[in-house]
Amino acid sequence: MGRIFNYDLIKGRADVVAGLTVAAISFPQAIAYALIAGVDPRFGVYSAIVVTTIAAIFGSSSHLINGPTSAISLLVFTALAFLDPENTKELFEALFLLTVLVGAFQIVIAVFKLGNLTRYISESVIIGFMAAASLLLAVGQLGNALGVKDKGNGHMHVLRRVYLTLFHGDKVNYRAVILSAAAVILAILLRKIVQRYGLPQIDMLVVLIVTGLIAYLAGWSVPGPGGHTAVAVAAKVPRSLPSPHIPEVDTSWLPHLTSGALAIAFVGIIEALSIAKAIAHQTQQKIDYNRQIMAEGLANLGGGFFQSLPGSGSLSRSAINFQSGAASRFSGIVSAATVAAALLLFAPILHYVPQSALAGLLLVTAARLVDFKRLFYTVRASRYDAGLVIVTALTGVAIDLDKAVLLGVVLSIALFVPRAAKLRATELIVAPERVVRERLPGDSADPTTVIYDLEGELFFGAAPALESYLTDLKRRIETDDQGKIMVLRLKRVRHPDVVCIERIEHFLRDLTERDVTVLLAGVRPDLLKAFSNVGLQQWFPADQLFPEEDKEFSATLKAVRYAHRKSAIGPAEDPDLYYLV
């Protein structure tokens, strides 16, 4: 076939092998995640076909596999909790509308290039969210694991429903307990075997097959004379591919669905980008994050019109895809096509999978959802991180997960701004040993030159601190008759905006009018451009501005030497003068 666009048979074979391997876990995961969301299993499978395909076509990462995930499914369950779960028509239409809204929000984020805002969302928020999600996932599956019917309704908090189910519900079904326990034990043992011997990660699929056979051979999943089975089995998945469908829009749903869609959009983007970044760190692939966000949005938007569960990047499936040797995004398309083929071939067999076995798998999934080592490390790291973890987790458990995510995002940004706004001003001196360094207690001040170093962000949040520092400097110049030269080092200030630029310009004008020579040292290109834009160089002497140069600290040394020449102390050029903080 030869090479076409740098794609050859070797890469094609690698993608096919990886795609088939991913499909083996995608199929059972899709069913399980749909059950977590409280919807028909087929919508999870449709997501593993439609969302995975669209994201693979438009995405940036060569290894990221999209589709339903446990975290997203938990958020879907929360977002749809206001509806009666028995009214499946409304529930399903709301699901499709929710998926469309998620996609629309993500596309807006991509269009306005807001993807970089996700870096201001603390990892502690995601860790807290995962802790709450895993707890809710585990307790939500206890009823299925014990073989008892869930009590309560969708308007009740999940913990209230679990309480009613366990203490005011049906008698425990020992057959279901046996199957769920077998699923947990098999899942743990098989994962250890897979990891130890480097086998394909089809352990979840094997668990479902083995527990399904146990139930079938014992006669527990076969309908009796009354048409009932001894243990509840998974809902029938029709042998059909996803078809186009325009969701119904009930305006009374929108207030409930909008907050859930925003939370899912944020979590989906963070999930996808963090996984893509982690794999790209190993492959050295350059990821276009805005393009990846657009792919997430298009995948969910398209999925909403093809009866799909919202999706995002999957850590387990992406890791398997990478470890299986995938060479390009084509592996995702292979995986989706394989899931579609499996749906057409094996859909009727799924009806024999016991719900209790799926519950056992989900209990194991819940335990694996939390990186406990990372959780404890984060909580110990600082009060700031511990507070974010605890607040996000408690909000997720006590209220709901989408509010927890949105609260965590708001707290991350609210706490970030004052931390980022910290501006540090340090006085420097030329020490007797000819070193330009920080002035220490006991050091005498330079009688002719005041040297100050500013460090931090020069955005509007730092304006009050900047104003305070500049006011103190002016006061010092006014009270010091000899200090007629000032060196202001700006090498370590970043991201200047109009508020701080205006403060600096007013400061320079005030001192210039008082015959004080101000030297600006180490001016970075972005600040230099901002000064040029506001016309500073039209009135500020060019020889008093020392741009940042390639040679480290050279701008600062040039400014200090200039000050010494102007004040007529020291030689014109002092080769022994160097910088140290």
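What counts, and at which threshold
Residues numbered from 1 in each chain as written. Predicted model: local features only at pLDDT ≥ 70, side-chain atom pairs only at ≥ 80, totals over all residues. Heavy atoms only, no water. Helix = DSSP H or I, 4+ residues; strand = E, 2+ residues; numbered from the N terminus. Rg over C-alpha atoms; globule rule 2.2 N^0.38 Å. Buried < 20%, exposed > 50% of the residue type's maximum accessible area, 1.4 Å probe, protein only. Contact = heavy atoms within 4.5 Å. Areas by Shrake-Rupley, 256 points an atom, 1.4 Å probe, with all protein chains shown as cover. Lys, Arg positive; Asp, Glu negative; His and termini not counted. Charge placed at Lys NZ, Arg CZ, Asp CG, Glu CD. Core = buried A, V, L, I, M, F, W, Y, C linked by side-chain atoms within 4.5 Å. Pairing = 2+ DSSP bridges. Right-handed = clockwise from strand over helix to strand, strands pointing away. Domains from an automatic or database assignment.

### Observations regarding the overall build of the protein chain
When helices and strands are counted, the protein chain shows 21 helices and 9 strands. By the compact-globule yardstick of 25 Å for 581 residues, the protein chain is too spread out, its C-alpha radius of gyration being 31 Å. Considering only C-alpha atoms, the protein chain reaches an extent of 110 × 65 × 45 Å along its principal axes. When burial is assessed residue by residue, the protein chain has 51% of its 581 residues classed as buried. Excluding contacts between residues fewer than 6 apart, the proportion of contacts in the protein chain whose partners are at least 24 apart in sequence is 81%. For the protein chain, the computed accessible surface area is about 27100 Å², with 62% contributed by carbon and sulfur atoms. Taking the average location of the 53 positive side-chain charges in the protein chain and that of its 48 negative ones, the two points are 8 Å from each other.

### Let's talk about the nonpolar core
Across soluble globular proteins, you tend to see nonpolar side chains buried next to one another. Among the nonpolar cores identified, the biggest contains 85 residues, and Val39, Val76, Leu80, Phe129 and Leu257 are the most heavily contacted of them. If you tally residues by element for this core, the top one is helix H1 (residues 9-37), at 11 residues. With residues up to four places along the chain from it excluded, the contact list for valine 39 reads Ala34, Leu80, Leu91, Phe92, Leu95 and Leu309. Core analysis: the next-biggest nonpolar cluster, separate from the first, contains 30 residues, Val493, Val518, Val523 and Leu545 among them.

### Looking at the pairing of strand S6 (residues 485-494)
Of all the 10 residues making up S6, 8 are buried; the element is thus mostly covered by neighbouring parts of the structure. Pairing of strand S5 (residues 449-457) with S6 involves 8 bridges; the strand directions are parallel. Looking at the pairing, glutamate 455 lines up with arginine 492 of S6. In the classification by handedness, the crossover that spans S6, the intervening helix H19 (residues 498-513) and the parallel strand S7 (residues 517-523) is right-handed.

### Focus: the environment of leucine 361
Mapped onto the secondary structure, leucine 361 falls in helix H14 (residues 355-369). Among the residues examined, leucine 361 registers a relative accessible area of 3% and is labelled buried. For the pair leucine 361 and isoleucine 188, spaced 173 residues apart in the sequence, the C-alpha separation amounts to 9.5 Å. Once residues within four sequence positions are removed from consideration, leucine 361 is found in contact with Ala183, Ala187, Met204, Val207 and Leu208.

### Concerning the domain arrangement of the protein chain
Segmentation of the protein chain into domains returns domain 1 (9-146 + 159-233 + 244-416) and domain 2 (422-580). One C-alpha centre belongs to domain 1, the other to domain 2, and the line joining them spans 54 Å.

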